Structure formats: C-alpha cells, structure tokens
Amino acid sequence: MTTAEEQQGSHRVRRVVCPGSFDPVTNGHLDIISRAAGLYDEVIVAVLINVTKHSLFTVDERVEMLSQVTSNFGNVKIERFHGLLVDFCAANGISAVIKGLRAVSDFEYEMQMAQMNYRMAKVETLFMTTNPLYSFLSSSLVKEITRYGGDVSGLVPAIVLSRLRERPAEE
Ligand code: PNS
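Quick caveat, the model's predicted, so the values are computed rather than measured.

Colleague: Help me understand the overall build of the chain, please; the structure alone is not making it clear to me.
Modeller: In terms of regular secondary structure, the chain is built from seven helices and five strands. Starting at the N terminus, the α and β elements of the chain follow one another as α-β-α-β-α-β-α-β-α-β-α-α. The C-alpha atoms of the chain give 17 Å as radius of gyration, which agrees with the globular expectation for 171 residues (16 Å, within 12%). C-alpha atoms of the chain, sized along the principal axes, occupy 55 × 35 × 30 Å. If you take every contact in the chain between residues at least 6 apart in sequence, the share linking residues at least 24 apart comes to 75%. Counting only carbon and sulfur atoms, one obtains 54% of the accessible surface of the chain, whose full area is about 10,000 Å². Between the averaged position of the 17 positive side-chain charges in the chain and that of its 20 negative side-chain charges there is a distance of 2 Å.

In structure tokens:
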C-alpha cells in the first residue's frame, strides 16, 4: 500500500519541533519525545536560551543531558534557540510544534501560544496527552524537591538524577 505522499512522488520530511526549557529534562518530556519520534521522521528538541529566566542548569548542560537520554533515537536532534519559536521553525523548515498536555491547567496558556504561533507564521501546534504516570510532573517541582533533599528517582532519567545530586542545594 502506498501513502498519498508516495503517490504524489513527494519526499517531504515530516519534521516536528518539541520546544521547552528542559531545566532539566524529566521522564514526562522523554515520554512525549519518544512518542513523537514514533510519529515523525524527525523530531527537533529545541532548548530555549532564556537569558532573563534563572535556570538551574546551563543551556549546554541541558543540551548535553537531552543528547544523552535521546541517543537511542535515530531521528531525534537536540538544538538550542533564542527569540521566537516561529523564527526557529522558519529557519529549520519546521511547520509544526508538538507539546505535551498534562492537565486542563496547561491548556489555557498552551492554546494561547498555539493560536499566536499560527497567527504569526501559520505554524501548527499538536497536543499530545501526557502519560498519566507523569501528569503531575514538572521540572520546577523536580528542582524544588531536590533542593530540600527529596527523592525524584523514577521521575527523571538516571543521568539527570545524578546531576541533580551533584548540584549543591540552592536557596
Ligand atoms: O518548558 P517551557 O518553559 O514551558 O517552554 C516554553 C516555550 C519555550 C515553549 C515558550 O516559552 C516559547 O516558545 N518561547 C519562545 C519565545 C516565543 O516564541 N514566544 C511567543 C510564544 S506565542
């Protein structure tokens, strides 16, 4: 059986971007990235370089951890970007963004960004429902729990867990 694209003789690469701060990457992020990798030819994980936001890990560290935890996927690439996501999309031939939705509380802001990105540059946003195992999980909570000596094993990849444990607690 041939697909519509094959019938048209098209070799278009189905590429999607999964943007975020990833400070640090959690098992929830990884779940979305791995499922997206099963659906698309190429998944670009784009790490936001946000100079104003205080982050625990540098962009280099975040990129390095993401590269390690996605190294088993042949079609996942880790990039960094600053400025508008739609400009990154235009520069990289990407027409769609994929986002995980954990709960209704995520929806309002995500919908606003999705509609704005479409309004600005016709960039589509696709929402993937988070695995219920991780619907309560966020990088912010991981950092807060770690800061006060709590255990986040099972919620982040092993490499991230050891990086968090190495990091001195911040106030
Ligand atoms: O992991 P985060 O911090 O929730 O990710 C948010 C992110 C990076 C996806 C969002 O802040 C973003 O796209 N920033 C880039 C700047 C931009 O394009 N802003 C306009 C959005 S309509």
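Colleague: Before we go on, may I ask you to explain helix H7 (residues 158-166) in this structure?
Modeller: For an α-helix the count is 3.6 residues per turn, leaving residues at separations of three or four pointing the same way. Among the residues making up H7, those that are buried are Val160, Leu161, Arg163 and Leu164. Across the axial projection of H7, the buried residues extend over an arc of 165°, all falling on one side. The exposed residues of H7 that point more than 90 degrees off its buried face are Ala158, Arg165 and Glu166. For H7, the secondary structure elements touched by its buried residues are helix H3 (59-69) and helix H6 (139-147).

Colleague: How should I be thinking about the pairing of strand E4 (residues 96-101) in this particular structure?
Modeller: Successive residues of a regular strand alternate their side chains across the two faces of the sheet. The buried count for E4 comes to five of six residues, which makes it a mostly enclosed element. Crossover E4 to strand E5 (residues 124-129) through helix H5 (residues 104-121) is right-handed.

Colleague: For this particular structure, what's the right way to read the environment of Tyr118?
Modeller: Looking at the element boundaries, Tyr118 is found in helix H5. Along the sequence, Tyr118 and Ala96 sit 22 residues apart, while their C-alpha atoms lie 9.5 Å from each other. Tyr118 has contacts with Val123 and Glu124, leaving out every residue within four places of it along the chain.

Colleague: Help me out: how do you make sense of the state of the cysteines in this one?
Modeller: Tallied over the entire structure, the rule returns zero disulfides. Cys89 provides the cysteine sulfur closest to Cys18, a residue in no disulfide bond, and the two sulfurs are 12 Å apart. A relative accessible area of 7% means that Cys18 is categorised as buried. A relative accessible area of 0% places Cys89 in the buried class.

Colleague: Where do I start with the site of the ligand in this structure?
Modeller: Neighbouring the ligand are 13 residues, the closest being Gly20, Ser21, Gly83, Leu84 and Leu85. One of the side-chain N or O atoms of Ser21 is found 2.6 Å from an oxygen atom in the ligand. Separating an oxygen atom of the ligand from a backbone N or O atom of Leu85 is a distance of 2.9 Å. Taken by itself the ligand offers 550 Å² of open surface, and the protein chains cover 72% of this.

Colleague: How should the environment of Val97 be read in this particular structure?
Modeller: Topologically, Val97 is positioned in strand E4. Residue Val97 is classed as buried on the basis of its relative accessible area, which comes to 1%. Along the primary structure Val97 and Asp41 are separated by 56 residues, whereas in three dimensions their C-alpha atoms are 14 Å apart. In contact with Val97, other than residues within four places in its own chain, are Val16, Val17, Pro19, Leu85, Cys89, Val123, Glu124, Thr125 and Leu126.

Colleague: What should I look at first to understand the packing of H3 against H7 in this one?
Modeller: Packed helices, taken two at a time, are described by the angle between their axes plus the distance between the axes. Contact pair H3 / H7: the axes reach a minimum separation of 9 Å and the direction vectors enclose 150°. When the interaxial angle is binned, H3 and H7 end up roughly antiparallel. Each of Glu61, Glu64, Met65, Gln68 and Val69 in H3 lies in contact with H7, whose residues at this interface are Ile159, Val160 and Arg163. For the contact of H3 with H7, the per-class residue count stands at four nonpolar, one polar and three charged.

Definitions and limits used
- Residues numbered from 1 in each chain as written.
- Predicted model: local features only at pLDDT ≥ 70, side-chain atom pairs only at ≥ 80, totals over all residues.
- Heavy atoms only, no water.
- Helix = DSSP H or I, 4+ residues; strand = E, 2+ residues; numbered from the N terminus.
- Rg over C-alpha atoms; globule rule 2.2 N^0.38 Å.
- Contact = heavy atoms within 4.5 Å.
- Areas by Shrake-Rupley, 256 points an atom, 1.4 Å probe, with all protein chains shown as cover.
- Lys, Arg positive; Asp, Glu negative; His and termini not counted.
- Charge placed at Lys NZ, Arg CZ, Asp CG, Glu CD.
- Buried < 20%, exposed > 50% of the residue type's maximum accessible area, 1.4 Å probe, protein only.
- Arc of directions from axis to C-beta.
- Right-handed = clockwise from strand over helix to strand, strands pointing away.
- Disulfide = S-S within 2.5 Å.
- Near = heavy atom within 4 Å.
- Polar contact = N/O pair within 3.5 Å; in protein donor to acceptor, adjacent residues only side chain to side chain.
- Axes fitted to C-alpha atoms, helices over the stretch in contact; angles between N-to-C directions.
- Parallel < 35°, antiparallel > 145°, perpendicular 65-115°, else oblique.
- Nonpolar A, V, L, I, M, F, W, Y, C, P; charged D, E, K, R; others polar.

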